[in-house]
Amino acid sequence: SLSAHLLEVFIFPLAQLKLLLFIFAANQNLCFKVVLTAGSIGSVQILERSGVGNADILERLGITAKCHLIGVGENLQDHLQLRMIYKVNDSASTLNKVQASLFGKAMIGMEYILNRSGPMSMAPSQLGAFAYSDERHVRANVQYHIQPLSLEKFGDDLHPFNAFTASVSNLRPTSRGSVHITSPNLDSCPQINLNYLCTEEDKKVAVESLNLTRRIINSEAFKAYEPSEYKPGKEFVTDQDLVHAAGNIGTTIFHPVGTCKMGNNDDKMAVLDSQLRVRGVTGLRIADASVMPTITSGNTAAPTMMIAETLSEIILQEC
């Protein structure tokens, strides 16, 4: 695999850059644009190491602030997934059971080699659904991702028992976090503070989501499989218990957005204008999930592609 880091975006008048490129372009008409697309974590690091960001943060790290934008790295949002796990009896076939033996693993591999089907061809989740965590919500506010497998955490082996995972996420979290570099050194990891469940509303939705999942699993349709709650566990009953449980079983669903948000001219936290131009930096734009002021009520990949597509149309109109 190829791993690369961008140290710095060199900031100087765009006219000089056009003149430089003009020499090598045989007098052709140029339309030069720089578009940063490193994501909600990466774009912030590139900007801050280039001197674009909150001057107080940058100067503490020995970086000269070339453009003071206090919103860089702020407004971080993500969909926290609560990974509830249920053991089931042997009448259900889960990947935990299928791959538990060498023979099972071999059969999975052969099915893919011969037919390009089976577990090795599956998406991460085999079932998705939108739901109301409670009647008080006017729109569906949670999303389910169901997997016919279970594990303690990403990267671990599957559990030795038959089980499935019912992951539920709050689609419109009110908690906000931040991401900032910790050093000018490229090898230094950023400090990422997601601040999950830091608002009362997010805690309430978490409790509602866990209770909703329990009601679904305890319904008549599941009785034949004798589901038994493995995580968080039946001992978590009160609202306070369930908030604590949500913190234990909650994890990212890899939807970080908002750290270089677009906004109106009077929004001091806005890093970009409505045309995705970095405020105060000529010729630099951003087109990734970091530009979203508020996280979308669902998966973020397709909206990010639409952002890029829209910016491409804007640039073509300018050229």
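Refer to the structure presented above.
Right, let's walk through the structure included here. The structure presented is a predicted model; accordingly, all values stated were derived computationally and were not measured.

The next subject is the layout of surface pockets. A water-sized probe, rolled over the atoms, reveals where empty space remains. Space inside the largest pocket adds up to approximately 450 Å³. Along the wall of the largest pocket there are 22 residues; nearest its centre are Ala123, Pro124, Ser125, Gln147 and Phe154. Those elements that place two or more of their residues in the lining of the largest pocket are strand 4 (80-87) and strand 6 (142-147). Residue composition of the lining of the largest pocket, by class: 13 nonpolar, eight polar and one charged. Its boundaries defined by the atoms lining it, the second largest pocket holds a volume of some 360 Å³. Considering the residues around the second largest pocket, the lining is formed by 19 residues, among which Leu127, Ile146, Phe164, Ile217 and Phe222 are closest to the centre. Of the residues forming the lining of the second largest pocket, the biggest block, four residues, is contributed by strand 5 (residues 127-131). When the residues that make up the lining of the second largest pocket are grouped by side-chain class, the tally is 16 nonpolar, three polar and no charged.

Looking along the chain, the bond that leaves Lys231 and enters Pro232 is cis, with omega of 5°. Note on placement: Pro232 falls in the loop between strand 10 (228-231) and helix 7 (239-249). Notably, Asn75 is not glycine yet its phi reads approximately 65°, a positive angle. Here Asn75 is to be found in the loop between strand 3 (67-68) and strand 4. According to the relative accessible area criterion, Asn75 is buried, its value standing at 17%. Even without being a glycine, Arg116 presents a positive backbone phi close to 55°. Inspection of the secondary structure puts Arg116 in the loop between helix 5 (102-115) and strand 5. Given a relative accessible area of 52%, Arg116 falls into the exposed group.

Pairing between side chains of opposite charge can happen when their charged atoms approach one another. Here the structure, examined in full by the defined rule, presents ten salt bridges. Residues Asp156 and Lys153 are paired through a salt bridge, measuring 3.2 Å at the closest nitrogen-oxygen approach. In this structure, the salt-bridge partner of Asp267 is Lys261, at a minimum N-O distance of 2.9 Å. Judged by its relative accessible area of 24%, Asp267 falls in the partly exposed class. The class for Lys261 is buried, based on a relative accessible area of 16%.

Per the stated rule, a full pass over the model turns up four aromatic pairs. Taking 5.9 Å as the distance between ring centres and 20° as the angle between the ring planes, the aromatic pair formed by Tyr86 and Phe164 counts as stacked. In this pair, Tyr86 sits in strand 4 while Phe164 sits in strand 7 (residues 163-170), placing the two residues 78 residues apart along the sequence. We note that Tyr86, like Phe164, is buried. Where Phe154 meets Phe254, the ring centres are 5.8 Å apart and the plane angle is 45°; that geometry is what we call tilted. Remark: Phe254 occurs in the loop between strand 11 (250-252) and strand 12 (284-286) and Phe154 occurs in the loop between strand 6 and strand 7; sequence separation between them is 100 residues. Members of the aromatic cluster, joined through ring pairs, are Tyr86, Phe164 and Phe222. When the ring centre of Phe154 is taken as reference, the NZ or CZ atom of Arg83 above it lies at 5.2 Å. One residue, Lys87, lies across the ring of Phe161, its end atom 4.5 Å from the ring centre.

Another point: the packing of helix 6 (residues 200-217) against helix 7. One can describe the packing of helix 6 onto helix 7 by two numbers: an axis separation of 9 Å at closest approach and a directional angle of 90°. With respect to each other, helix 6 and helix 7 are oriented roughly perpendicular. In contact with Lys203, Ala206, Val207, Leu210, Asn211 and Arg214 of helix 6, helix 7 contributes Asp239, Leu242, Val243, Ala246 and Ile249. Of the residues that constitute the contact of helix 6 with helix 7, the class distribution is seven nonpolar, one polar and three charged.

As a further point, take the nonpolar core. Ranked by size, the top nonpolar core spans 27 residues in total, and within it Leu47, Val52, Leu69, Leu272, Val278 and Ile286 carry the most contacts. If you list the elements that add at least two residues to this core, you get helix 2 (39-49), strand 12 and helix 8 (301-318). Of all the elements, helix 8 adds the most residues to this core, at four residues. Counting 25 residues, the second largest nonpolar core, distinct from the first, contains Leu82, Ala92, Val142 and Ala206.

Reading the values: the criteria
Residues numbered from 1 in each chain as written. Predicted model: local features only at pLDDT ≥ 70, side-chain atom pairs only at ≥ 80, totals over all residues. Heavy atoms only, no water. 1 Å grid on protein atoms, 1.4 Å probe; cavity = no way out; pocket = protein on both sides within 12 Å on 5 of 7 lines; lining within 4 Å. Points joined across faces, edges and corners; volume = space filled by probe spheres on them. Helix = DSSP H or I, 4+ residues; strand = E, 2+ residues; numbered from the N terminus. Nonpolar A, V, L, I, M, F, W, Y, C, P; charged D, E, K, R; others polar. Buried < 20%, exposed > 50% of the residue type's maximum accessible area, 1.4 Å probe, protein only. Salt bridge = Lys/Arg side-chain N within 4 Å of Asp/Glu carboxyl O. Phe/Tyr/Trp six-rings, centres within 6.5 Å; stacked < 30°, edge-to-face > 60°. Lys NZ or Arg CZ within 6 Å of the ring centre and 35° of its normal. Axes fitted to C-alpha atoms, helices over the stretch in contact; angles between N-to-C directions. Parallel < 35°, antiparallel > 145°, perpendicular 65-115°, else oblique. Contact = heavy atoms within 4.5 Å. Core = buried A, V, L, I, M, F, W, Y, C linked by side-chain atoms within 4.5 Å.

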